[in-house]
Amino acid sequence: MKSRLTPFLVSALATTIPLQAADNPLKQTLTDLNAYYADHWIYNDLDAAKAEARRSGKPIFVTFRCVPCKSCKSFDAEVANGSEVIKKLAQEKFVSLRQVEMKGVDLNLFQFDHDLNWAAMFINADGVIYGRYGTQSAAGPDAFNSIESLEKAMRRVLALHQDYPANKASLAGKRGANRPYSTALEMPGMENKDKLRGPTQRSNCIHCHMIHDAQNLEAWRKGTYNEELLWRYPYPDNLGISIDPDDGRVIESVQPNSPAAKAGLKRGDAIRSVNGQPIVSIADFQWVLHNLPNTATDITLVALPRLGGNPVEYRLRAQAGWKKTDISWRGSLWGMPPRLRIWFPSMTPAELKKAGLPEDLRASQARWINNKFEAGRAAQKAGLRLNDVIVELDGKPVPEDSQHFSLYVKLNFKPGETLPLTVLRDGRRIQLKLPLFE
């Protein structure tokens, strides 16, 4: 039986919840419900977190969360104030910081996969990085996140913190090279800066993915863009290693004939370090891989065998192109040229039936055309109409969803070219060529 809130209780919640955030105007402005009863978090203030870390001698646990995003909302709620085990660790063993916007974040210190809807980093008060947590893929925003593996990552960080500074040299690679800018508003590719500079509202937050958006756009405009920029934060799976998402280091399976299999890694082995960097989670593994070239590459892993014994060193040989993977889920993909300014979602069998089309037809539909931009206006001028059914893209069957539709366009076309589409309208097949723009 589903529980229901009475009108009185709904009214009471609406009245009392905002009062819990009265100490922080930004918390109220963003209606950050997951933070209203989480007083053990420092809210959006890294300087205060560093000061407390220096005073207490504790490491800092920083979570990055775009409050308006629905993805990872339930996981964020568990971390913020739902899970008792995470709350106890966050409250007693860490200085915990909840970061909800990217405006003033130091992008030299906080380098992580900015396409994530939820991410975490663990740092020392002096800026040394202990580890990262948070992984996303085409399998879903929470496919790799769990309270179990987050708890394990936090305990591994505490072990690293206890050994600090004796282990400082092994942690050096966890911090990336400095960039030509330190904050999002200094990035040359960041658009709409005048709007973003204003007091933070839901309408002018700098979302994490906008960091990658700006990096892509700057490279495009400088002429340094290439496809290699897209293969950010590749997965251990690219080496043939599937990691148990509830552990973060234990190998769940090894793909036959993969670099991992050829090196001798086996199911149940626990990854301890990659190229000398201690690993606390899958995201830590990804960080090491992110900073390697997409050419033939040697990678050194140290793992504890499943059957026990001493850690063993394994040498993997990745072949050229090993970083390429399915990036259709990435939010920053939408801002990469060419930008269609059109939404082409896949049609469901019910929608196809309603349109009088075969239910097994693979088709997309033009559900939204943004004519505020030149690309949208040019598409309409070229003949595209709202609700047109697209049955072919570039002479091929349309991709399985709107994300893969966009990915195909961005990997195969450039601004200034035209996009060939075949649409069905009133029972007729019509050939269109849409001009493409940055």
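Predicted, not measured: the structure shown is a model, and the values here were computed from it.

Draft legend 1. Focus on the overall build of the protein. A count of helical and extended segments in the protein gives 14 helices and 18 strands. Taken over C-alpha atoms, the radius of gyration comes to 24 Å for the protein, in line with the 22 Å a tight globule of 438 residues would show. The buried share among the 438 residues of the protein stands at 52%. Restricting the contact set of the protein to residue pairs at least 6 apart, pairs at least 24 apart contribute 65%. Surface exposure of the protein reaches about 20,700 Å², of which carbon and sulfur atoms provide 51%. Averaging the locations of the 58 positively and 48 negatively charged side chains of the protein gives two centres separated by 2 Å.

Draft legend 2. Expanded view of a nonpolar patch on the surface. On the surface, Trp-334, Trp-343 and Trp-368 cluster together into a nonpolar patch covering about 340 Å² of accessible area. Its location among the elements puts Trp-334 in the loop between β11 (312–318) and β12 (342–343).

Draft legend 3. Fine view of the sheet that holds strand β3 (residues 95–99). With respect to topology, 5 strands assemble into an open sheet ordered β1-β3-β2-β4-β5, the strand pairing being mixed. With partners counted over all chains shown, the strands left at the sheet margins are β1 (41–43) and β5 (129–133), one partner each. With direction set aside, neighbouring strand axes in the sheet form an average angle of 20°. Relative to β3, β1 runs parallel, the two sharing 3 bridges. By the bridge assignment, Trp-41 is partnered in β3 with Ser-96. Those strands touched by helix α3 (residues 46–56) are β1, β2 (60–65), β3 and β4 (118–123), and its axis lies near 175° from that of β3.

Draft legend 4. Main features of the sheet that holds strand β9 (residues 277–278). Pairing within the open sheet is antiparallel, and its 4 strands lie in the order β9-β8-β10-β11. Every other strand in the sheet has two partners, leaving β9 and β11 as the edge strands with one partner each. With 2 bridges joining them, strand β8 (residues 270–274) and β9 adopt antiparallel strand pairing. Residue pairing across strands places Val-274 opposite Gln-277, the latter belonging to β9.

Draft legend 5. The arrangement of the confidence of the model for the protein in detail. Residues at a pLDDT of 70 or more form 95% of the protein, whose mean pLDDT is 92. Confidence drops under pLDDT 50 across residues 1–21; counting only partners more than four residues distant or on other chains, this segment forms 14 contacts.

Draft legend 6. Representation of the state of the cysteines in the model. Counting across every chain of the model gives 0 disulfides. For the unlinked cysteine Cys-205, the closest cysteine sulfur is that of Cys-66, found at 6.3 Å.

Draft legend 7. Fine view of the pattern of salt bridges. Applying the stated criterion across every chain, the model contains 21 salt bridges. With a shortest N-O distance of 2.9 Å, Arg-330 and Asp-115 are connected by a salt bridge. Residue Arg-330 is located in the loop between β11 and β12, and its partner Asp-115 is located in the loop between β3 and β4; the two are separated by 215 residues in the primary sequence. Take Arg-330 and Asp-115: they sit in the same class, and that class is buried.

Draft legend 8. Structural context of the pairing of strand β15 (residues 389–393). Taken across its 5 residues, β15 has 4 buried, putting it largely inside the fold. In this structure, strand β13 (residues 364–365) lies alongside β15, joined through 2 bridges in antiparallel fashion. Counted as the bridge partner of Ser-364 is Ile-390 from β15. Sheet topology places β15 next to strand β17 (residues 418–425); 4 bridges connect them, and they run antiparallel. Considered in β17, the bridge of Val-389 is made with Leu-424. Of the strand pairs in this sheet, β15 and strand β16 (residues 396–397) are connected by 2 bridges, and their pairing is antiparallel. Residue pairing across strands places Glu-392 opposite Pro-397, the latter belonging to β16. Between β15 and β16, which pair antiparallel and follow one another directly, the connecting turn spans 2 residues, one of which, Asp-394, has a positive phi of 60°.

Draft legend 9. Spatial organisation of the environment of Asn-108. Residue position: Asn-108 is located in the loop between β3 and β4. Assessed through its relative accessible area of 10%, Asn-108 is described here as buried. In this structure, the C-alpha to C-alpha distance between Asn-108 and Arg-175, residues 67 residues apart in sequence, is 8.1 Å. When neighbours within four sequence positions are excluded, Asn-108 is seen to be in contact with Arg-175, Gly-176, Ala-177, Asn-178, Arg-179, Tyr-181 and Ser-182.

Draft legend 10. Representation of the nonpolar core within the structure. Within the largest apolar cluster, 32 residues are counted, with the highest numbers of intra-cluster contacts made by Met-102, Phe-110 and Met-190. Looking at this core, the elements that each hand over two or more residues are α3, β2, β3, β4 and α9 (209–222). Ignoring anything within four residues of it in the chain, the contact list for Met-190 reads Ala-184, Leu-196, Ile-206, Met-210, Ile-211 and Ala-214.

Rules used throughout
Residues numbered from 1 in each chain as written. Predicted model: local features only at pLDDT ≥ 70, side-chain atom pairs only at ≥ 80, totals over all residues. Heavy atoms only, no water. Helix = DSSP H or I, 4+ residues; strand = E, 2+ residues; numbered from the N terminus. Rg over C-alpha atoms; globule rule 2.2 N^0.38 Å. Buried < 20%, exposed > 50% of the residue type's maximum accessible area, 1.4 Å probe, protein only. Contact = heavy atoms within 4.5 Å. Areas by Shrake-Rupley, 256 points an atom, 1.4 Å probe, with all protein chains shown as cover. Lys, Arg positive; Asp, Glu negative; His and termini not counted. Charge placed at Lys NZ, Arg CZ, Asp CG, Glu CD. Patch = residues over 30% accessible without salt bridge, like charges linked within 9 Å, V, L, I, M, F, W, Y side chains within 5 Å. Salt bridge = Lys/Arg side-chain N within 4 Å of Asp/Glu carboxyl O. Pairing = 2+ DSSP bridges. Axes fitted to C-alpha atoms, helices over the stretch in contact; angles between N-to-C directions. pLDDT = per-residue confidence, 0-100. Disulfide = S-S within 2.5 Å. Core = buried A, V, L, I, M, F, W, Y, C linked by side-chain atoms within 4.5 Å.

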